[in-house]
2 protein chains.
Amino acid sequence: MNKRKRTFELKTKPKILSGYTVVGPKEGDGALGEYFDKVLTDDLFGEKTYELAESKMQQEAVKGALKRSGISKEEIDLTVSGDLLNQIYASCFAARELETAFLGLYGACSTFGESLIVASLLINTGMIEKCCCSTSSHFSSAERQYRYPLELGNQRPPTSQWTVTGAGASILSADGDGVSIDKVTIGRVIDFGIDDVNNMGAAMAPAAADTISAFFGESGEKPEDFDMIVTGDLGRYGGELLLKLLYEKNINISKVYHDCGAMIYKPEQQTYQGGSGAGCCNVVFNAFIANKMLKKELKKVLLVPTGALLSKDSPLQGQTIPGIAHAISFRAPE
Amino acid sequence: MNKRKRTFELKTKPKILSGYTVVGPKEGDGALGEYFDKVLTDDLFGEKTYELAESKMQQEAVKGALKRSGISKEEIDLTVSGDLLNQIYASCFAARELETAFLGLYGACSTFGESLIVASLLINTGMIEKCCCSTSSHFSSAERQYRYPLELGNQRPPTSQWTVTGAGASILSADGDGVSIDKVTIGRVIDFGIDDVNNMGAAMAPAAADTISAFFGESGEKPEDFDMIVTGDLGRYGGELLLKLLYEKNINISKVYHDCGAMIYKPEQQTYQGGSGAGCCNVVFNAFIANKMLKKELKKVLLVPTGALLSKDSPLQGQTIPGIAHAISFRAPE
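Residues numbered from 1 in each chain as written. Chains lettered and ligands numbered in written order. Predicted model: local features only at pLDDT ≥ 70, side-chain atom pairs only at ≥ 80, totals over all residues. Heavy atoms only, no water.

Regarding the pattern of salt bridges
1) Next: Enumeration over the complete set of coordinates arrives at 34 salt bridges over all chains.
2) Next: Among the salt bridges present, the one from Lys38(A) reaches Glu60(A), with a minimum N-O distance of 3.0 Å. On the criterion of sequence distance, the pair formed by Lys38(A) in strand 3 (residues 38–39) and Glu60(A) in helix 2 (residues 50–69) is long-range, its members being 22 residues apart.
3) Next: The class of Lys38(A) is partly exposed, set by a relative accessible area of 26%.
4) Next: A salt bridge links Arg96(B) to Glu97(B); its shortest N-O distance comes to 3.6 Å.
5) Next: Using a relative accessible area of 40% as the deciding quantity, one classes Glu97(B) as partly exposed. (Salt bridge = Lys/Arg side-chain N within 4 Å of Asp/Glu carboxyl O. Helix = DSSP H or I, 4+ residues; strand = E, 2+ residues; numbered from the N terminus. Buried < 20%, exposed > 50% of the residue type's maximum accessible area, 1.4 Å probe, protein only.)

Next comes the structure, spelled out in C-alpha cells:
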C-alpha cells in the first residue's frame, strides 16, 4: 500500500437502498423544492425549540428512508450520524429513538460525506450489512448557536451562506439494488489562513481542491469520466475559487462542476452564496442527485462534502478556519 | 449474520504500537500520577486559552506516541479523534498540524472507545495500515462550557465527577508488536430518564450494562476470562449501579471490575465520584492498563468507555440524559 493513500475502492460496492429528506419552508420554496419528500410549513415542527425540531426532522428522515427501503429498524446494524449542534444534540437524540448501534460523527457541513465513508468502509469489511447514515442542520438552531440571536435581525454580508433547514437519511446495504458507492477519499484538515467567519467558501475551497486532487491522483479516474462533480457547500464564490485552485493543479472540472449550496435556493431568495449546513448536501443528494442516478440521467457522480471546522469560540480566540472535504464516487445501477 | 449483532471479532488483531499521555497538575498528583508520560505544571500549557491548551495537549500526545512507536507521521493513514468541546475544537486544530486523513468523532466521554473501534474495524478491512487515535478533555474548558464560569467557584454536589485534564494518543497498526484488539461491541443510545446533570454515572450506567451484556452474549466470552473489566467513567456510585444492573441480568463482574474515573484521583483530592471526560479513560488505559498488559500483569482486559450524550442546552430544554458505552477487549502480547 502507498504511504498515506487516502482513496479506497469498495470492492463490495455498497448500495443506497433508499433516501428520504425533510426540509423547511424556505427550502421547499427553493430551486429544488419539488424534489424533497417532506416540506415543513412550520420550521418548529410542533416542538418547543429549534434544536428539538432539528432532531425530530432527523428522526422523520430515518423513518421515511426505512419505510421506503422496506426494511425494519431491527435490521439496521449501525447508525452513523452527526449535525452542527454542540455535542451533536440532534443526532444523539434521534439515535435514542432508533435503538441501533450508534457512532456519532462531527465534520461540520462535511458530516454526510463522513457518514457515507464510515458506513461504506464498514460494510466493505463484511461485518456490517445495513447501515443508516443521517445528518441535519437547521437555520435557526445554527444561527443562534454560531452567530447572533435570531431576534437581532443582523445584516448578512455578501460572502455569507444560509444554513439549510433540512435532514436526510440514506440506508446503505451490502446487497440490494440502488446507486452504488464505488470509491471514497478521506479528507485532511487544511488551513489556508482565512479568518473571515462570513466567508466559509474561501476557507473550505483549499480542502476541496486537496481532496479532489487526491481522488483523481490515487483512483486512476479522470474528471471527464464523471457526469457531475458536486461539492457541498462551497457556495458560488467558493466554487469559483475551487475551479481556480484545481486549474493550478492542471485539473479541469468546470464542465461538470456544481455545488449543492449554490443549487438549493433561487437567486431571489437572497441567500447570497447559497446554502450550507450538515443537512444541505444530504438533502440535495438524496432528493435530487440520487434520483437522477436511478433514472440514469446521471451515471457517475463525485460528491465532495466540505466542512469548516470552526467553533463559535475559535475565531474569538484568534484562530483561522480549518476546512475539510471528503469525496465519494457513485455509480448508477447497471 | 445475526440481526443487529453489535459485537465484531477482529481477525487481524490490530496492535497498539504505542501510547502517550499528557495530563494536568491535579492528575499528576493523583493515584496514577507516576504512570503518565508528561505532567504539566501549568494547565494553560503556555497558551492563552484553556481550549488552545487542550488542543496543544492532544498534539503533544500524538507527537509522543509517534516518537515512541518509531514511525513518522507520514506513515499514518488516518487520524480518528474527538473531544468534549463544541465542534471538537481541540481535535480539529490538532489534526490540522498532523496533515493525515481525518475523521472527527463525538461520543462524549466514550470517544476514545469509539475511536479505537473505528480505527480497528478499518484496519481489519486491510485498507488502512496505521491509525492514530487521540482524545482529550480539560477541566477548565469543560467546566466553563458545560457548567459555570470558573471564577464563580460553584459548590459541587456529592454525585459529581471532575473532568480530567488529560490527552492521550494510541498508534494502531495492522502489524507489529503490542497489546492487540480482539473484539469490539458498538454501543447504543440508552436513556433511563435521569435528568440530574450532576449525576452522570447514573445516566451512563444503563448503557454500560447494555453494552457489557451484549458483549458477553454475542462474543462467547465470560467475565471470568478477564483479568480486568474497566469502565470509563462511571465514577464510584455509577460503578455500583452498573454492578447491580448486571447482577439483574445474571452477569457478575464484581471480582475484576474497576472504573477509570474512580482510579485516577486520590480520595483526598475531593473529586467525589472521581474523574470523567474524553481524556480520562484514554490516559488511564494508555499510561496504566496498557503498560500492565505489556508486562503481562494483565492478560485480558475489557475496556468499556461510557459517555453522557447531553449538550449544555438539552437539559435546559427539559431533556433527560442519554448514555452510550462501547466495549473493546484487549489481549496482552503472547
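Considerations on the packing of helix 2 of chain A against helix 5 (residues 139–146) of chain A
In a packed pair of helices, the relevant descriptors are the angle between the two axes and the axis-to-axis distance.
Residue and element names in this part refer to chain A.
1) Next: Where helix 2 meets helix 5, the axes come as close as 8 Å, and the angle between the chain directions of the two elements is 135 degrees. Classified by the interaxial angle, the pair formed by helix 2 and helix 5 is oblique. The hand of the helix 2/helix 5 crossing is left-handed. Contacts from Tyr50, Glu51 and Glu54 in helix 2 reach Ser140, Ser141 and Arg144 in helix 5.
2) Next: Residue classes in the contact of helix 2 with helix 5 are distributed as one nonpolar, two polar and three charged. (Axes fitted to C-alpha atoms, helices over the stretch in contact; angles between N-to-C directions. Parallel < 35°, antiparallel > 145°, perpendicular 65-115°, else oblique. Left-handed = near helix turned anticlockwise from the far one by under 90°. Contact = heavy atoms within 4.5 Å. Nonpolar A, V, L, I, M, F, W, Y, C, P; charged D, E, K, R; others polar.)

A closer look at the interface of chain A and chain B
1) Next: Listed per partner, the contact involves 66 residues of chain A and 66 residues of chain B.
2) Next: Together, the buried faces of chain A and chain B total about 5400 Å²; carbon and sulfur atoms form 61% of this surface.
3) Next: It is Arg4(A), Gln87(A) and Met127(A) that lose the most area in chain A upon contact with chain B, and together they represent 16% of the buried surface on that side.
4) Next: Applying the counting criterion to the chain A and chain B interface returns two salt bridges.
5) Next: Salt-bridge contacts for Asp191(B) lead to Arg96(A); the nearest nitrogen and oxygen are separated by 2.5 Å.
6) Next: Counting the contacts that link chain A with chain B gives 24 residue pairs in polar contact (both at pLDDT 80 or more).
7) Next: When contributions to the side of chain A that touches chain B are tallied by element, the ones reaching two or more residues are strand 1 (7–9), helix 2, helix 3 (89–98), strand 5 (101–104), helix 4 (111–124), helix 5 and helix 10 (313–316) of chain A. (Buried area = accessible area lost by both parts, 1.4 Å probe. Polar contact = N/O pair within 3.5 Å; in protein donor to acceptor, adjacent residues only side chain to side chain.)

Overview of the state of the cysteines
1) Next: Scanning the model with the defined rule gives zero disulfides over all chains in all.
2) Next: Free cysteine Cys92(A): the closest other cysteine sulfur is in Cys109(B), separated by 12 Å.
3) Next: Unpaired in this structure, Cys281(A) has its nearest cysteine sulfur neighbour in Cys260(A), at a distance of 5.3 Å.
4) Next: Owing to a relative accessible area of 0%, Cys281(A) belongs among the buried residues under this scheme. (Disulfide = S-S within 2.5 Å.)

Re the environment of Ala278(B)
Residues and elements named next belong to chain B.
1) Next: You can see Ala278 is positioned in the loop between strand 12 (275–276) and helix 9 (280–294).
2) Next: Put simply, Ala278 and Met57 are 221 residues apart on the chain and 13 Å apart in space, counted from C-alpha to C-alpha.
3) Next: Ignoring any residue separated from it by four or fewer positions in sequence, one finds Ala278 in contact with Asp83, Leu84, Ala108, Cys109, Thr111, Phe112, Thr135, Ser136 and Ser137.

Points about the relation of the copies chain A and chain B
1) Next: Overlay of chain A on chain B (RMSD 0.0 Å): rotation 180 degrees, translation along the axis 0.0 Å. With respect to symmetry, the two chain copies, as superposed, fit the operation of a two-fold axis. Ranked by how close their C-alpha atoms come to the rotation axis, the residues of chain A are headed by Leu105(A), at 2.1 Å.
2) Next: A share of 100% of interface residues in chain A that are also interface residues in chain B marks the association as one of identical surfaces. (Least-squares fit on C-alpha atoms with pLDDT ≥ 70 in both.)

Structural notes on the environment of Cys131(B)
All names here are of chain B.
1) Next: When you line up the elements, Cys131 lands in strand 6 (residues 130–137).
2) Next: Placed 18 residues apart in sequence, Cys131 and Gly113 show a C-alpha to C-alpha distance of 14 Å.
3) Next: Setting aside residues up to four positions removed in sequence, Cys131 forms contacts with Ile76, Leu78, Val80, Ala119, Ile123, Ser170, Ile171 and Leu172.

Concerning the side chain of Asn282(B)
Residues and elements named next belong to chain B.
1) Next: Inspection of the secondary structure assignment puts Asn282 in helix 9.
2) Next: Judged by its relative accessible area of 0%, Asn282 is buried.
3) Next: With near-sequence residues (within four places) excluded, Asn282 lies in contact with Phe112, Ser134, Thr135, Gly168 and Ala169.

Looking at the packing of aromatic side chains
Residue and element names in this part refer to chain A.
1) Next: Scanning the model with the defined rule gives 16 aromatic pairs over all chains in all.
2) Next: Look at Phe215 and Phe216: their rings are 5.2 Å apart centre to centre, the planes differ by 80 degrees, and that puts the pair in the edge-to-face class. No difference in accessibility class separates Phe215 from Phe216, as the two residues are buried.
3) Next: Cluster of aromatic residues (ring-pair linked, three or more members): Phe112, Phe285 and Phe330. (Phe/Tyr/Trp six-rings, centres within 6.5 Å; stacked < 30°, edge-to-face > 60°.)

What to know about helix 4 (residues 111–124) of chain B
Residues and elements named next belong to chain B.
1) Next: Under the 1.5 Å per step criterion, the end-to-end length of helix 4 is 20 Å for 14 residues, consistent within 8% with the ideal 20 Å.
2) Next: With 14 of its 14 residues buried, helix 4 lies for the most part within the structure.
3) Next: Gly126 sits one or two positions beyond helix 4 and adopts a positive phi of about 85 degrees. (Expected span 1.5 Å × (residues − 1).)

Some thoughts on helix 7 (residues 235–248) of chain B
All names here are of chain B.
1) Next: Here helix 7 contains 14 residues, and its C-alpha end-to-end distance of 20 Å stays within 8% of the 20 Å for a straight helix at 1.5 Å per residue.
2) Next: Looking at helix 7, one finds that the buried residues are Gly235, Gly238, Gly239, Leu242, Leu245 and Leu246. Projected onto a plane normal to the axis of helix 7, the buried residues spread over an arc of 125 degrees and lie on a single side. Exposed side chains of helix 7 directed beyond 90 degrees from the buried face belong to Lys244, Tyr247 and Glu248.
3) Next: Just downstream of helix 7, Asn250 is the residue with a positive phi angle, here 60 degrees. (Arc of directions from axis to C-beta.)

It is worth stressing that arrangement in space is one thing and function is another; only the former is reported here.
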